[in-house]
Amino acid sequence: MAGRFIITEDGRGGYRFALVAGNGQTLAVGEGFTSKAACVNGIETVRRSAPEAVIDDRSHAQT
């Protein structure tokens, strides 16, 4: 099964999305949005950006 985006209400009148893998594991959670339309726009932004996203590793190498 392919991954999916799940939109939920956050209890304060706002909306959030989660990107969930086919195995049910949550991969990412979006910030809070004030409207469902803004939340959907956030999902579309992730969809457009992710295929070309680079990995910016700012962790410290362990020696």
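Okay, so let's go over this structure. Model, not experiment: these values are computed from the prediction.

1. Focus: the overall build of the protein
When helices and strands are counted, the protein shows one helix and three strands. Listed N to C, the secondary structure of the protein is β-β-β-α in terms of helices and strands. Here the protein has a C-alpha radius of gyration of 14 Å; the compact-globule value for 63 residues is 11 Å, and the former is much larger. Overall, the C-alpha framework of the protein stretches about 45 × 25 × 20 Å when taken along its three principal axes. Split into buried and exposed, the 63 residues of the protein put 17% on the buried side. Considering only intrachain contacts with a sequence separation of at least 6, the fraction spanning at least 24 residues in the protein is 16%. Counting every atom, the protein has about 5,100 Å² of accessible surface; 51% of that belongs to carbon and sulfur.

2. Structural notes on the pairing of strand S1 (residues 4-9)
In the sheet, S1 pairs with strand S2 (residues 15-20) via six bridges, with the strands oriented antiparallel. By the bridge assignment for S2, arginine 4 is matched with valine 20. The antiparallel pairing of S1 with S2 creates a hairpin that spans five residues between the two strands, and glycine 11 there sits at a positive phi of about 90 degrees.

Conventions used here
- Throughout, residues of each chain are indexed from 1 in the direction in which the sequence is written.
- Totals for whole chains, interfaces and linings use all residues, but because this is a predicted model, local features are given only for residues with pLDDT of at least 70 and pairs of side-chain atoms are given and counted only at 80 or more.
- To obtain the side-chain values, all non-hydrogen atoms of the structure were used and water was disregarded.
- Helix and strand labels come from DSSP, where a helix needs a run of H or I of at least four residues and a strand needs a run of E of at least two; each type is numbered from the N terminus.
- Each radius of gyration is computed over the set of C-alpha atoms, and the globule rule expresses the reference value as 2.2 Å times the number of residues to the power 0.38.
- Under the scheme applied here, a residue whose accessible area is under 20% of the maximum for its type counts as buried, over 50% as exposed, and between as partly exposed, the area being computed with a 1.4 Å probe on protein chains only.
- We call two residues in contact when some of their heavy atoms are within 4.5 Å.
- Note on areas: Shrake-Rupley, 1.4 Å probe, and residue coverage restricted to the protein chains presented here.
- Only strands that DSSP links by at least two bridges are regarded as paired with each other.

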